[in-house]
Amino acid sequence: MDSRLSWRSKFNVESGLLVATALERQAYNDDHVLRLVDFLRGGFLATCRAQLRLLANTPLCMYDLNLGHNRLGDACVHALIQALVEHQVHVQALRLQSNRIGEAGGCAVAELIKKGPKPVVELDLSHNYLGSCATRKLLLAAAIRRDLPLHS
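How each quantity is defined
Residues numbered from 1 in each chain as written. Predicted model: local features only at pLDDT ≥ 70, side-chain atom pairs only at ≥ 80, totals over all residues. Heavy atoms only, no water. Helix = DSSP H or I, 4+ residues; strand = E, 2+ residues; numbered from the N terminus. Core = buried A, V, L, I, M, F, W, Y, C linked by side-chain atoms within 4.5 Å. Buried < 20%, exposed > 50% of the residue type's maximum accessible area, 1.4 Å probe, protein only. Contact = heavy atoms within 4.5 Å. Salt bridge = Lys/Arg side-chain N within 4 Å of Asp/Glu carboxyl O.

Caption draft 1: Summary view of unusual backbone geometry. In the Ramachandran plot, H69 falls in the positive-phi region, its phi being about 60° despite a non-glycine side chain. In this fold, H69 is placed in the loop between β3 (60–66) and α2 (74–86).

Caption draft 2: Up close: the nonpolar core. The biggest cluster of nonpolar side chains holds 28 residues, and the ones touching the most others in it are L65, I81, L84, L94, L96 and V109. Of all elements in the fold, only α1 (30–51), β3, α2, β4 (89–95), α3 (103–115) and α4 (132–144) reach the threshold of two or more residues within this core. The biggest single contributor to this core is α2, with 7 residues. Ignoring any residue separated from it by four or fewer positions in sequence, one finds V109 in contact with V77, I81, L94, L96, L123, L125 and L138.

Caption draft 3: Representation of the environment of L36 in the model. With respect to the helices and strands, the residue L36 is situated in helix α1. Separated by 44 residues in the primary sequence, L36 and L80 have C-alpha atoms spaced 8.6 Å apart.

Caption draft 4: Main features of the pattern of salt bridges. Going through the model one piece at a time under the given rule, you end up with 5 salt bridges. Put simply, E122 and R95 hold a salt bridge, and the shortest N to O gap is 2.5 Å. Of this pair, E122 sits in strand β5 (residues 122–124) while R95 sits in strand β4, and the two are 27 residues apart along the sequence. Where D147 meets R145, a salt bridge forms, and the shortest distance between an N and an O atom there is 2.9 Å.

Caption draft 5: Geometry of the environment of K114. With respect to the secondary-structure elements, K114 resides in helix α3. Separated by 28 residues in sequence, K114 and A142 have C-alpha atoms that sit 6.9 Å apart.

See the structure below:
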């Protein structure tokens, strides 16, 4: 992996939780995060499961994935979301604010909301370029999740 990709992760073995991953304000572009996605698919997630003693069908829980204030576009977000869904990673808080995410990226996030092993409880997509189609898909994905906590 590129040495310029510095990110922080913490494990809590007792709860089976990958506590936080932060790549905020690192001026990463799509190429950087696509290399990270390749790294995740290339064994990192399997290593996490082994270290946390999780079975293959048990979701790996990532408390906070913070990729805000970078230069991430739709293709990058789509690849990241696809890897998270494919490897059953539950992201409790997903922060993608202030990137270059448009319709396709917003629709990819909707897929994570819809197909993720557990609901995304906190989502920040502010200061991106989402249109009405992506916004509609995000709202519909949230609406069909029966396990999504709703607050009045």
